[in-house]
Amino acid sequence: MPLGWHGRVKIKSTAQQEEEKRKEKEKKLKAFVSARDAVLKKRSAGEHDEEALQLTRQLLSSNPDFATLWNYRREVLLHLETLREKDEVQKLYESELHFIEACLKVNPKSYGCWHHRTWVNTRLPQPDWTRELGLCDRCLSLDERNFHCWDYRRVVVKASGVSVEQELQFTDRLIGSNFSNYSSWHYRSTLLPQLHPQPAPDSFHSHRVCEEQLLKEYELSHNAFFTDPNDQSAWFYYRWLLGREEMISCVYVSREGERVSVAFSKPVHSEGLMLVLDGQPQQVEWRSTHPRLRHSPVWLCDLPPGSISDMSNEHNLTIHWTEKHTHRDCALYTGCAESWCRDSATNLELFRSELSVEKSSVLQAELQSCNQLLELEPQNKWCLLTIILLMRALDPLGHEKETLAHFQTLKEVDPMRSTYYSDLCSKFLIENTILKMEYAEVRVFSLSNKNLTTLCHLDQLLFVTHINLSSNQLLRLPPHFAMLQCLEVLEADDNAIENLEGLYHLPKLEEVSLRNNRILFSKKSKCFIRNCFSGVKSQCLVWPCFKDSVFFIN
Amino acid sequence: MTATLFSPNTLLLDKHADYIAAYGSKKDDYEYTLSEYLRMSGIYWGLTVMDLMGQLSRMNREEIIEFIKSCQHDCGGISASTGHDPHLLYTLSAVQILSLYDSINVIDVDKVVDYVKGLQQEDGSFAGDKWGEIDTRFSFCAVATLALLGKLDVINMDKAVGFVLSCMNFDGGFGCRPGSESHAGQIYCCTGFLSITGQLHQVNADLLGWWLCERQLPSGGLNGRPEKLPDVCYSWWVLASLKIIGRIHWIDKAKLRSFILACQDEETGGFADRPGDMVDPFHTLFGVAGLSLLGDEQIKPVNPVFCMPEDVLQRIGLQPDLLN
């Protein structure tokens, strides 16, 4: 879009002023059209001379987005190159750089200008990268958020071999001196993995940056938002520091059907999935749980008949996920019809970063500091959200009550984002329930009456047989619900569910209760429901419009 | 600029239709002439917003189609206007216009496909034209053009996807090139790209959705990245991205609607970037398209990936995946 179409204030003026403006514009227009026509005529005639440079110079100074003129200029320059000696070519392009800089002064955000400068440096016999870096420094000192300039700087740094350390120091200076420094924090996030990489690809680590450096980054960003608690850039960066990586969530094996199910924390492709049974790689065909999911968080396969059907045999399964160099083992013991692998350590890795003692104490100190800041700024939403994230990193179950209270405050101080906070809170409640389940070794997932607005981490519920989601604010059972391969009973009364797509083909489902929802009844939906439950042995469906009566299919 | 007591708070569709219908009829208008370098996109903005308002018939179909024909070059690429050079940006706009008019075959489609294919680089990225500027905007232009023509299979898809993913940042957003800062316009292009290529699962929807919903300022308007001013065009770039990744409910819709409506000019029709500024067709399209995404029933449903009426895409048979 034309840059000139932003920030033009509409000013009321008198009839006389309007007439003057109109005359002025008419004059300008005439001049522009005349120059434009002259240039395009010359180009059509194939003229690549000094006059062409003059005419395009005149027009481009005030119309740097007129891209075709830059193209013509490049054609002229390339032609002149063939006619001149090397030192003259150097002068020609240096003069071009002066011209571009003059254009940039008028318009520092023109894609055309910056690209042309990049191009000129590919033609210069001897580019002067120091000068180019100086230009970037000056430009960024005027506008630290000019992304054109940052991108150009990256080109200069790459071409001239400026060190990553030097650039990191540059970001230190900018972050220290400026208010609006998101671009610097961003640049930092790209430099760190180059300078302080994670030693080996490891499923336990959440970052491509080594822990020692990460801990330093906490301090850096902490200082920034303590200096100015409304400096949102530092809070965004901090959240990144607390992040985590994806991995295999769960493996479930059943002798009945000789089926293996593998769940991931995010949708993946089945390429790169390898199954090893008792030391022998298996040739299996993986399928996802819902035909619409080409990339699925859960993949299923059937072992060759007789592989694990005999209850008197013990088996060891390993799933390898070659893409992330990670794997999960699952042991199927004698006398056991099924098995799954998830342990508390795994869970904690999933829901927060793996914590070394050092990192744990750093985060504890961070939490204390943020709590102090909150006393000074009780309405600061960045602080509230960060405290929640820190608590989750340290002890999600221990801090559950406080977390819920903080979410309540967040929705009050930042009401525009209350649906975001409701969804995030739902996610954390689901995570906590999953954590509690593991300690109790049960297969029942119960989260009724918790203001749940969304469902997630269904990949963690692969082996669950009973789910109770009653009295929440769910709008649907999403397609990923089809992951719940062991589900026998679903209670979801008193929600706002409109869409039942997730009930597709749950092989073990026997009982469903959906009173008080918003399911729309049509022939189509009844057919859909019938198809959902086809293939299931016996079903008992409690259907809202029939009140307390029971509705059988088949 | 903040909305005043006298800012519009109802949708003035008829005024906007009149504004667009008249725009460009005065060929000696200063702003109009100076924006010739993007004329093809300007026509796409005008036609799309008229179609969304059910007023496409007021535009001069024959004149526009002839104009497009005159803008296709020997290499297959299409320029913004006669006498200008071809570029991916205007090639997409032209194909979008011809799709609206169901007249794609007035140009040489095979040559367009060749042109687009020829702009893919070794690393999977796309240049905007033969002069080599690389930008994820052009990755979007390339796949959107080919999708509308039913020819996505001609490019190296894996590499194209790989390049776009290499532009994903710490905050879940996307920039112009690897290492570039996240920006709502680029995020729209990249999520649109990933939708068309069936790779939306690669997006961290919760993280990006948070970054996007933080674009909403106290005025209700949206900015394009942290610490910037709100602008009605971000009602499109941000909102469409949120729709594509299934997180549009994280925006305060009522407040955004008020902001967009306040950007209307009651006198002239059209929308400006923010209340009180001068209007133009670009902001008019994105204001109306944003309102459509927010559910305004007076406007036709708009497709968040292509920024075209849904009924046009249904006719073509294009229904790119969105996250839920």
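Note that the structure is a prediction, hence the values are computed from the model and not measured.

A. Quick peek at the overall build of chain B. Helices and strands together make up the secondary structure of chain B, namely 14 helices and four strands. Taking 324 residues into account, the globule formula puts the C-alpha radius of gyration at 20 Å, and chain B, at 19 Å, falls close to it. Along the first, second and third principal axes, the C-alpha set of chain B runs to 55 × 45 × 35 Å. Going through the 324 residues of chain B one by one, you find that 67% of them count as buried. A sequence separation of at least 24 residues applies to 67% of the contacts in chain B between residues at least 6 apart. For chain B, the accessible area works out to roughly 10900 Å², and carbon and sulfur atoms hold 50% of it. Each charge class in chain B can be summarised by its mean position, and for the 25 positive and 41 negative side chains these summaries are 1 Å apart.

B. How the structure looks around the interface of chain B and chain A. Facing 71 residues of chain B, the contacting portion of chain A comprises 65 residues. Contact between chain B and chain A buries roughly 6100 Å² in total, counting both sides, with carbon and sulfur atoms accounting for 55%. When the area that chain B buries against chain A is broken down by residue, the three leading residues are B:W131, B:F170 and B:W210, summing to 16%. Inspection of the region where chain B meets chain A yields 11 salt bridges. Taking the shortest distance from any N to any O, the salt bridge between A:R145 and B:E181 comes out at 2.8 Å. Those elements that provide at least two residues to the side of chain B that touches chain A are α2 (30-34), α10 (205-213), β2 (279-280) and α13 (281-293) of chain B.

C. Focus on the state of the cysteines. All names here are of chain B. By the definition in use, this model includes zero disulfides over all chains. Between C75, a free cysteine, and C71, which holds the nearest cysteine sulfur, the sulfur-to-sulfur gap is 12 Å. C75 sits in the partly exposed class, given a relative accessible area of 41%.

D. Broad picture of the pattern of salt bridges. Under the defined criterion, the tally for this structure stands at 51 salt bridges over all chains. We note a salt bridge from A:E75 to A:R43, for which the minimum N-O separation is 2.9 Å. Separated by 32 residues along the polypeptide, A:E75 in helix α3 (residues 67-83) and A:R43 in helix α1 (residues 15-44) bring together distant segments of the chain. Measuring nitrogen to oxygen at the nearest pair gives 2.7 Å for the salt bridge that ties B:R257 to B:D296. Of this pair, B:R257 sits in helix α12 (residues 253-262) while B:D296 sits in the loop between α13 and β3 (302-303), placing them 39 residues apart in sequence.

E. Just the packing of aromatic side chains, in detail. One pass over the full model with this rule turns up 34 aromatic pairs over all chains. When the centroid spacing of 5.9 Å and the interplanar angle of 70° are considered together, the rings of A:Y93 and A:W119 count as edge-to-face. One end of the pair, A:Y93, is in helix α4 (residues 86-106); the other, A:W119, is in helix α5 (residues 111-123), and 26 residues separate them in sequence. Each member of the pair, A:Y93 as well as A:W119, is classed as buried. Taken together, the ring pairs in this structure connect A:Y182, A:W185, A:F236, A:Y237, A:W240, A:W382, B:F170 and B:W210 into an aromatic cluster. The ring of A:F170 has A:R153 sitting right over it, with the charged end atom 3.6 Å from the ring centre. B:R215 extends its terminal NZ or CZ atom over the ring of B:W211, reaching a point 4.3 Å from the ring centre.

F. Region of interest: the packing of helix α7 (residues 147-160) of chain A against helix α9 (residues 182-195) of chain A. All names here are of chain A. Their axes nearest at 12 Å, the elements α7 and α9 cross at an angle of 35°. Seen from above, α7 lies across α9 with right-handed handedness. Here α7 contributes W150, R154 and V157 to the contact with α9, which in turn contributes S183, S184, H186 and Y187. Each residue belonging to the contact of α7 with α9 can be placed in one class, and the counts come to three nonpolar, three polar and one charged.

G. Inspection of the UniProt feature "coiled-coil region" (unreviewed entry) in chain A at higher detail. Residues annotated by UniProt as "coiled-coil region" (unreviewed entry) correspond here to residues 8-35 of chain A. Across residues 8-35 of chain A one finds 75% helix and 0% strand; the C-alpha atoms that close the span lie 26 Å apart.

H. Up close: the nonpolar core. A:F445, A:I467, A:L469, A:F481, A:L490, B:W236 and B:F306 are the most contacted members of the largest nonpolar core, which totals 245 residues. With 11 residues, the top contributor of residues to this core is helix α14 (residues 381-394) of chain A. Ignoring any residue separated from it by four or fewer positions in sequence, one finds A:L490 in contact with A:I467, A:L477, A:F481, A:L503, A:L509, A:E511, A:V512 and A:S513. Core analysis: the next-biggest nonpolar cluster, separate from the first, contains 21 residues, A:F264, A:W286, A:W299 and A:C301 among them.

I. Just the sheet that holds strand β8 (residues 326-332) of chain A, in detail. Residue and element names in this part refer to chain A. Overall, antiparallel pairing links the four strands, which are arranged β4-β3-β7-β8 in an open sheet. Each edge of the open sheet is held by one strand with a lone partner, namely β4 (280-282) and β8. Going across the sheet, the axis of each strand differs from the next one's by a mean of 25°, ignoring polarity. Both strand β7 (residues 315-321) and β8 contribute to a ladder of seven bridges, which runs antiparallel. When the bridges of β8 are listed, L317 appears paired with C330.

J. Structural detail: the pairing of strand β6 (residues 296-302) of chain A. Residue and element names in this part refer to chain A. Counted residue by residue, β6 has six buried out of seven residues, so it is predominantly covered. Summarising the sheet, strand β2 (residues 259-268) and β6 pair through six bridges and their orientation is antiparallel. For R259, the partnering residue across the bridge sits in β6 and is D302. Inspection of the sheet shows strand β5 (residues 287-288) paired to β6 by two bridges, in the antiparallel sense. The partner of S288 across the bridge, within β6, is W299.

What counts, and where the lines are drawn
- Residues numbered from 1 in each chain as written.
- Chains lettered and ligands numbered in written order.
- Predicted model: local features only at pLDDT ≥ 70, side-chain atom pairs only at ≥ 80, totals over all residues.
- Heavy atoms only, no water.
- Helix = DSSP H or I, 4+ residues; strand = E, 2+ residues; numbered from the N terminus.
- Rg over C-alpha atoms; globule rule 2.2 N^0.38 Å.
- Buried < 20%, exposed > 50% of the residue type's maximum accessible area, 1.4 Å probe, protein only.
- Contact = heavy atoms within 4.5 Å.
- Areas by Shrake-Rupley, 256 points an atom, 1.4 Å probe, with all protein chains shown as cover.
- Lys, Arg positive; Asp, Glu negative; His and termini not counted.
- Charge placed at Lys NZ, Arg CZ, Asp CG, Glu CD.
- Buried area = accessible area lost by both parts, 1.4 Å probe.
- Salt bridge = Lys/Arg side-chain N within 4 Å of Asp/Glu carboxyl O.
- Disulfide = S-S within 2.5 Å.
- Phe/Tyr/Trp six-rings, centres within 6.5 Å; stacked < 30°, edge-to-face > 60°.
- Lys NZ or Arg CZ within 6 Å of the ring centre and 35° of its normal.
- Axes fitted to C-alpha atoms, helices over the stretch in contact; angles between N-to-C directions.
- Left-handed = near helix turned anticlockwise from the far one by under 90°.
- Nonpolar A, V, L, I, M, F, W, Y, C, P; charged D, E, K, R; others polar.
- UniProt positions renumbered as here; feature names shortened; annotations may be inferred.
- Core = buried A, V, L, I, M, F, W, Y, C linked by side-chain atoms within 4.5 Å.
- Pairing = 2+ DSSP bridges.

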